[in-house]
Amino acid sequence: MRETDRPGRRTGGATAPAEPAREVIAGRQAVLEALSADAPIDVLYVERGEPGGNLRRILAIAKEKGIVIREAAPQKLEGMAGLPTHQGVVATLAAHRYAEVGEMLARAEEAGRPPLLVMLDGIEDPHNLGAIIRSAECAGADGVIIPKRRSASLTPTVHKAAAGALMHLPVARVANLVAEIERLKTLGFWVYGADMNGTPYTKTDLRGKVLLVIGGEGSGLSRLVREHCDGILSLPMFGKIGSLNASVAAGILLYEAVRQRMEGGDVG
């Protein structure tokens, strides 16, 4: 596979600081109203057990809207709501609205440049997520894609770590990373994951439609995501430590893409 001349693309131990309290909505009617108003619900927590009454309706609407649903014990719900009258359901609100991937593509098209996207495969530390969003915005990327499961979400900590970048860079949340990778490939994207034992990152063409995939802390890329990448990019390691922080690796790869695109006249 091309790393400098590609063929044409097919088409068709320490304790982390506590998370600041999120804005929550508790109670069935309040949550129903929030769902009806398309409030930016991040996660819907429901009491374990068979749902009864209008809780079934709440769950049906949430599933239709693609909202993440998690079961929780009554004690957790009470702690989140701050009162015992939660009626078995609590919704946490995202610190920022989630976008659609299509908005990112439209953004690049409007700017007249090939899109550069970042996908995060299991980034669970909100500080890392915020730092990557900040680097992506500074590098002129068109958006960041995260999974609905096994990922940090747009919490106040992420908003703070992103240092304002969330106001300018869309973040989308998708149900299945592999399915989204394959969909983007049909639109002409080349997909490169960051991991060990790959091609040196400076020897890969990052000028066209590119999706960079960054693996999670510790575990790196998941097996299926790695298998669906067109190539794996590696950063040279000369010290005793075997890997870089995910946000640092993302920043290096993003700015390599910037360098190549500036030389090719795609940015700047």
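Please refer to the structure higher up on the page.
Residues numbered from 1 in each chain as written. Predicted model: local features only at pLDDT ≥ 70, side-chain atom pairs only at ≥ 80, totals over all residues. Heavy atoms only, no water.

Take helix α1 (residues 28-36) next. Of the residues making up α1, those classed as buried are V31, L32, A34 and L35. What you see down the axis of α1 is that its buried residues fit within an arc of 160°, all on one side. Each element contacted by the buried residues of α1 is listed here: β1 (24-26), β2 (41-47), α2 (55-64) and β4 (89-93). D38 sits one or two positions beyond α1 and adopts a positive phi of about 55°. (Buried < 20%, exposed > 50% of the residue type's maximum accessible area, 1.4 Å probe, protein only. Helix = DSSP H or I, 4+ residues; strand = E, 2+ residues; numbered from the N terminus. Arc of directions from axis to C-beta. Contact = heavy atoms within 4.5 Å.)

Another aspect to go through is the pairing of strand β10 (residues 231-234). Of the two faces of β10, both are covered, the one formed by G231 and L233 as well as the one formed by I232 and S234. As paired strands, strand β8 (residues 190-200) and β10 are joined by 5 bridges and run parallel to one another. Within β10, the position partnered with T199 by the bridge is L233. (Pairing = 2+ DSSP bridges.)

Our next topic: the nonpolar core. If you look at the biggest cluster of nonpolar residues, it comprises 39 residues, and the most contacted ones within it are L120, I133, V144 and L212. Broken down by secondary-structure element, the contributors of at least two residues to this core are β5 (116-121), α5 (126-138), β6 (143-147), β8, β9 (210-215) and α9 (246-263). Per element, the largest residue contribution to this core is 7 residues, and it comes from α9. Discounting residues that sit within four places of it in the chain, L120 has contacts with L129, I132, V144, I145, I146, P147, L177 and I214. The next biggest cluster of nonpolar side chains, apart from the first, holds 20 residues, and it includes L105, A172, L184 and I232. (Core = buried A, V, L, I, M, F, W, Y, C linked by side-chain atoms within 4.5 Å.)

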